[in-house]
Amino acid sequence: MTATRLLIVTAVEPEAAALRAGITQPPPTASSASPSAHAAAPSITHHGAVAGAQPGTVSVTHAEAERGTHADASQVVHVEAVGVGPAAAAAGTARLIALAEARGEPYTAVISAGIAGGFVGRTEVGATVLGTRSIAADLGAEAPTQAEAPTQAEATGPAEPTEPGAASGRGFIPIEELGFGSSIVAADAALLKMLSSALPYAVVGDVLTLATVTGTAATAAALRARFPDAVAEAMEGYGVAIAARAAGLPFVELRTISNPVGPRDRAAWRLGEAFSALTEAARKACG
Ligand SMILES: O=C(O)c1cccc(C(=O)CC[C@H]2O[C@@H](n3cnc4c(=O)[nH]cnc43)[C@H](O)[C@@H]2O)c1
């Protein structure tokens, strides 16, 4: 039997609880269905698409694994919350991967999962999204736009013509053009295919990672223009992806949409819908 040890990384505990509920609880009946039923349940034996489609898969938390309360260490799904934002995501994921390696139980795949903002017209609130690529959308340098360029030249002198972005006046220069690496991590093709089969209703496209939640129509429009294939934005995917890539592990991002990307509007959030969709995705993929 091939050992499968899947690490699912979320930002916050309610996201982790919603996922664990899908892995460990049977589907709700019509009378028991409740959008707020997201408490973590006791671990049970299960099998599923991502965990290898083999009986004997066990869902446990990291703490349970460390306590050694589960005998089957060859087929596991760990769901862990590591904090909000790309830095917490990268550091927390790297630590979990290293701890698992030190225990002699290395992970075989990593998923960044949680709620996200959806680009209007590309994905709906309540939808499930699978990332073809996780892109650090704000990793780069600002440059004056064409409209700003004269003011800038007056203030600091003309930009060097060879400077990236100087000629185009595009407003943002991605890290690729600065020569400092890549802002893009592609999903593992096999893992993405497996999840797409388990979640055929999922919208598949790029998922942006930003340290700042978009809160204006102007920023939303700029992101839409820069990333025509982006369907969602969140704050952790690229960080988790970098940690997975450093460890040589397959990675994919799974998101459910809690709000539209655009002008800040707390009343438009649909956290219950997004958490329920996370539970359902986990049930279909791992349950
Ligand atoms: O205060 C606001 O206006 C606001 C709007 C959306 C989300 C937040 C959060 O603090 C949640 C951050 C948390 O959830 C993910 N998330 C959910 N929606 C978005 C979004 O539209 N843009 C970026 N991240 C989003 C994110 O991954 C974080 O883990 C606040």
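Cut-offs used in this document
- Residues numbered from 1 in each chain as written.
- Predicted model: local features only at pLDDT ≥ 70, side-chain atom pairs only at ≥ 80, totals over all residues.
- Heavy atoms only, no water.
- Buried < 20%, exposed > 50% of the residue type's maximum accessible area, 1.4 Å probe, protein only.
- Helix = DSSP H or I, 4+ residues; strand = E, 2+ residues; numbered from the N terminus.
- Pairing = 2+ DSSP bridges.
- Right-handed = clockwise from strand over helix to strand, strands pointing away.
- pLDDT = per-residue confidence, 0-100.
- Contact = heavy atoms within 4.5 Å.
- Near = heavy atom within 4 Å.
- Polar contact = N/O pair within 3.5 Å; in protein donor to acceptor, adjacent residues only side chain to side chain.

> I'm lost on the pairing of strand β10 (residues 203-209) in this one. Help?
Consecutive side chains along a regular strand alternate between the two faces of the sheet. Most of β10 sits inside the fold, with five of its seven residues counted as buried. Where strand β6 (residues 128-136) meets β10, six bridges bridge the pair, whose relative direction is parallel. Its bridge partner being in β10, V129 is matched across the sheet by V203. Where β10 meets strand β11 (residues 230-234), four bridges bridge the pair, whose relative direction is parallel. If you follow T209 over to β11, its bridge partner there is A234. A crossover connection joins β10 to the parallel β11 through helix α7 (residues 217-226); in handedness this β-α-β unit is right-handed.

> Can you help me understand the confidence of the model for the protein chain in this one?
In low-pLDDT regions, the fine details of the predicted coordinates are not to be read closely. Per-residue pLDDT for the protein chain averages 83, and the proportion of residues at 70 or more is 74%. A low-confidence stretch, residues 32-48 (pLDDT under 50), is modelled with 49 contacts involving residues beyond four sequence positions or located in other chains. Counted against residues more than four places away or in other chains, residues 65-71, with its pLDDT under 50, gives nine contacts. Across the assembled chains, the prediction reports ipTM 0.96 with pTM 0.83.

> Quick question: what am I supposed to make of the pairing of β11 here?
The buried fraction of β11 is high, at five of five residues. Here strand β5 (residues 109-118) runs beside β11; their pairing, made up of two bridges, is antiparallel. In the strand pairing of β11, G117 is matched with E233.

> Looking at this structure, I do not really get the site of the ligand. What am I missing?
Lining the immediate environment of the ligand, one finds 15 residues, of which E233, E236, N259, R264 and W269 sit closest. Within the side chain of E233, one N or O atom sits 2.6 Å away from a nitrogen atom of the ligand. Here an oxygen atom of the ligand and a side-chain polar atom of E236 are 2.6 Å apart.

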